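Chain residues, written in single-letter form:
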Amino acid sequence: MTPCSGLNDLHPMSFPCSLLIRHAQIILPNGELIIGDVLTRDRTIVEVAPEITNATPTREIDAQGLTLLPGVIDPQVHFREPGLEHKEDLFTASCACAKGGVTSFLEMPNTRPPTITQQALNDKLQRASQKCLVNYGFFIGATADHLPDLILAKPTPGIKVFMGSMHGQLLVDQEAALEAIFAQGKRLIAVHAEDQDRINQRRKEFADIHDPAIHSQIQDNQAALLATQLALKLSKKYQRRLHILHMSTAQEADLLRQDKPSWVTAEVTPQHLLLNTSAYDKIGTLAQMNPPLRSPHDNEVLWQALRDGVIDFIATDHAPHTLEEKAQQYPNSPSGMPGVETSLPLMLTAAMQGKCNVAQVAHWMSSAVAQAYGIPNKGAIAPGYDADLVLVDLNTYHPVRREELLTKCGWSPFEGWELTGWPMITIVGGQIVYDKGKLNTNVRGQALEFKQDKLRT
Ligand code: DOR
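Since the structure is predicted, the reported quantities are computational estimates derived from the model, not experimental observations.

**Examining helix H11 (residues 296-307)**
Helix length check: H11, at 12 residues, gives a terminal C-alpha distance of 17 Å against a target of 16 Å (1.5 Å per residue), a fit within 8%. Inspection of H11 places Asp298, Asn299, Val301, Leu302, Trp303, Ala305 and Leu306 among the buried residues, and these make up the whole buried set.

Given below as structure tokens:
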């Protein structure tokens, strides 16, 4: 049997090829679990059945004891290329994705230069086509100058608006400028919702405090709530498709529980579910991110909102900074933490602890994201869907270890956590890109498509 995508195969793109995954515990689109086989041909899933007998695949995987999920689609990452490659780049980030079972990502515009024009978007797409082991999409960033490409540039999952927590061109913190963005065009608007005026004022009040725990008080729950209220108000006024990025507070969850139009979605990060302000004592500025970590009460309310569908899906907000940068004294230490390598095992470990079930994790980390962004043929294990898959091991536990991480920043806020559900094999477009600790760096992902005309509005 000739492997079509064996590790270190020099011609991984040579099609036709087919993979037969045997005896896996498969999560079906309706959430049902079956033990069975999956056959892929070229980039596509062609058959899912309890037993596939008449196939002649180029490669077979015995998945006995493993669980097969649709590949994770991470809808909020900061991969730093171009301009900040000392923190991360598209190659290292996509290697980390492959290891973490993330087969597609949506990347944010706060690179240098920022992604605010078609030209900058094209540059990222070009770089990704050369370097990315997984599939990719890039947001276009809003500025207060209303550049025409905000409405026209493509392909993009949507417009990213930093209402707060940003400096320079990408900060849009005045209501009039925000309103102009909501009023023009139809594409999805994804907001980083923190109120910059309140942050500025509180930053002055607490200027003498260098304990990083003060970060959660400066950028407090109220700062997040005010911005989410404003985004919701504008979205309702224009019936504009709105997505609330990394929702972090009980108050925002309660607001959406009472008032969530059908055209609004929201996401939460694993760190806002699993970490809280107690993390500052243990890991200091490594726990610093925007929006900040909150209280154990916020953790619980966010979990409940996720289980109830008030929050639609999970994103990591992978935002790497070097340890040297993080070692600076607060507030000079930058905000952000990496996440693509740990998100799936963190959520599956939570499932094993009874916080949710495995089918919900597959929904929140893949299917619901594909639906919300209109990404065709992704997010399900079914004939006709893209063969982006991850086989995880839910039987063993292994700690998060710094030395095993592939992200260039080389650290994780979850170091030492004993997790289950680590990816054993990750498949992108029918090709094995990660196999038990080894990467096939010859595999390349593809640019994602976004079909948003049929989305709920
Ligand atoms: O903590 C954060 N860091 N939150 C963001 O939304 C952006 C980010 C970054 O780019 O470092």
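Moving on from the model shown.
**Regarding unusual backbone geometry**
Each neighbour pair has its own omega, and for Arg112 with Pro113 the value is 0 degrees, a cis peptide bond. On the secondary structure map, Pro113 appears in the loop between strand S7 (102-107) and helix H2 (118-131). The backbone of Asp317 sits at a positive phi, close to 55 degrees, despite the residue not being glycine. The residue Asp317 is located in the loop between strand S14 (313-314) and helix H12 (323-326) in this model.

**What about the sheet that holds strand S9 (residues 140-141)?**
Strand order in the open sheet made by the six strands is S9-S10-S11-S12-S13-S14, with parallel pairing throughout. Looking along the sheet, the strands with just one partner apiece sit at the ends: S9 and S14.

**Some remarks on the site of the ligand**
Around the ligand lies a shell formed by His78, Arg80, Asn110, His192, His246, Met289, Asn290, Asp317, Ala319, His321, Ser335 and Gly336. Between the ligand and the protein, one listed contact pairs an oxygen atom with a side-chain N or O atom of Asn110 at 2.8 Å. A distance of 3.2 Å is found between an oxygen atom of the ligand and a side-chain nitrogen or oxygen belonging to His192. The fraction of the free accessible surface of the ligand (290 Å²) that becomes covered by protein chains is 94%. Residues that form the shell around the ligand fall into these classes: two nonpolar, eight polar and two charged.

**Some remarks on the sheet that holds strand S6 (residues 72-77)**
Here we have three strands laid out as an open sheet, ordered S6-S7-S8, and parallel in their pairing. Whereas interior strands pair on both sides, the edge strands pair on one side only; in this sheet they are S6 and strand S8 (135-138). Strand-to-strand twist across the sheet, computed as the mean angle between neighbouring axes with direction ignored, equals 20 degrees. Against the sheet, helix H1 (residues 90-100) makes contact with S7 and S8, and its axis sits at roughly 135 degrees relative to S7, the strand it touches most. Contacting S7 and S8, H2 runs over the sheet at an angle of about 170 degrees to S8.

**What about the pairing of strand S13 (residues 264-268)?**
Within a regular beta strand, the side chains point alternately toward one face of the sheet and then the other, so they alternate between its two faces. Among the five residues in S13, five count as buried, and that is most of the element. Residues of S13 alternate between two faces, with Val264, Ala266 and Val268 on one and Thr265 and Glu267 on the opposite face, all of them buried. Pairing geometry for strand S12 (residues 242-244) and S13, over three bridges, is parallel. Note on S13: the bridge partner recorded for Ile244 is Ala266. The pairing of S13 with S14 spans two bridges and is classified as parallel. From the neighbouring strand, Glu267 faces S14, where its bridge partner is Phe313.

**Things to note about the pattern of salt bridges**
Scanning the entire structure with this criterion turns up 25 salt bridges. Close ionic contact of Asp386 with Lys378 constitutes a salt bridge, the shortest N to O distance being 2.7 Å. Residue classification places Asp386 among the partly exposed positions, given a relative accessible area of 21%. Sharing partners across several salt bridges, the network here consists of Glu81, Glu85, Asp123, Arg127 and Lys131.

**Regarding the nonpolar core**
One finds Phe105, Val161 and Val191 to be the most contacted residues of the largest nonpolar core, which totals 83 residues. Once residues within four sequence positions are removed from consideration, Phe105 is found in contact with Asp74, Val77, Phe79, Leu90, Cys97, Cys132, Val134, Asn135, Tyr136, Gly137, Phe138 and Leu448.

**Description of the packing of helix H13 (residues 343-352) against helix H14 (residues 358-373)**
Where H13 contacts H14, the axes come no closer than 9 Å and their chain directions differ by 150 degrees. Overall, the two elements H13 and H14 adopt an arrangement that is roughly antiparallel. Crossing hand, H13 versus H14: right-handed. Contact residues: H13 offers Ser343, Leu344, Met347, Leu348, Ala351 and Met352, while H14 offers Val358, Val361, Trp364 and Met365. Grouping the constituent residues of the contact of H13 with H14 by class yields nine nonpolar, one polar and no charged.

Reading the values: the criteria
Residues numbered from 1 in each chain as written. Predicted model: local features only at pLDDT ≥ 70, side-chain atom pairs only at ≥ 80, totals over all residues. Heavy atoms only, no water. Helix = DSSP H or I, 4+ residues; strand = E, 2+ residues; numbered from the N terminus. Expected span 1.5 Å × (residues − 1). Buried < 20%, exposed > 50% of the residue type's maximum accessible area, 1.4 Å probe, protein only. Pairing = 2+ DSSP bridges. Near = heavy atom within 4 Å. Polar contact = N/O pair within 3.5 Å; in protein donor to acceptor, adjacent residues only side chain to side chain. Areas by Shrake-Rupley, 256 points an atom, 1.4 Å probe, with all protein chains shown as cover. Nonpolar A, V, L, I, M, F, W, Y, C, P; charged D, E, K, R; others polar. Axes fitted to C-alpha atoms, helices over the stretch in contact; angles between N-to-C directions. Contact = heavy atoms within 4.5 Å. Salt bridge = Lys/Arg side-chain N within 4 Å of Asp/Glu carboxyl O. Core = buried A, V, L, I, M, F, W, Y, C linked by side-chain atoms within 4.5 Å. Parallel < 35°, antiparallel > 145°, perpendicular 65-115°, else oblique. Left-handed = near helix turned anticlockwise from the far one by under 90°.

Taken by themselves, the reported measurements are silent on function.
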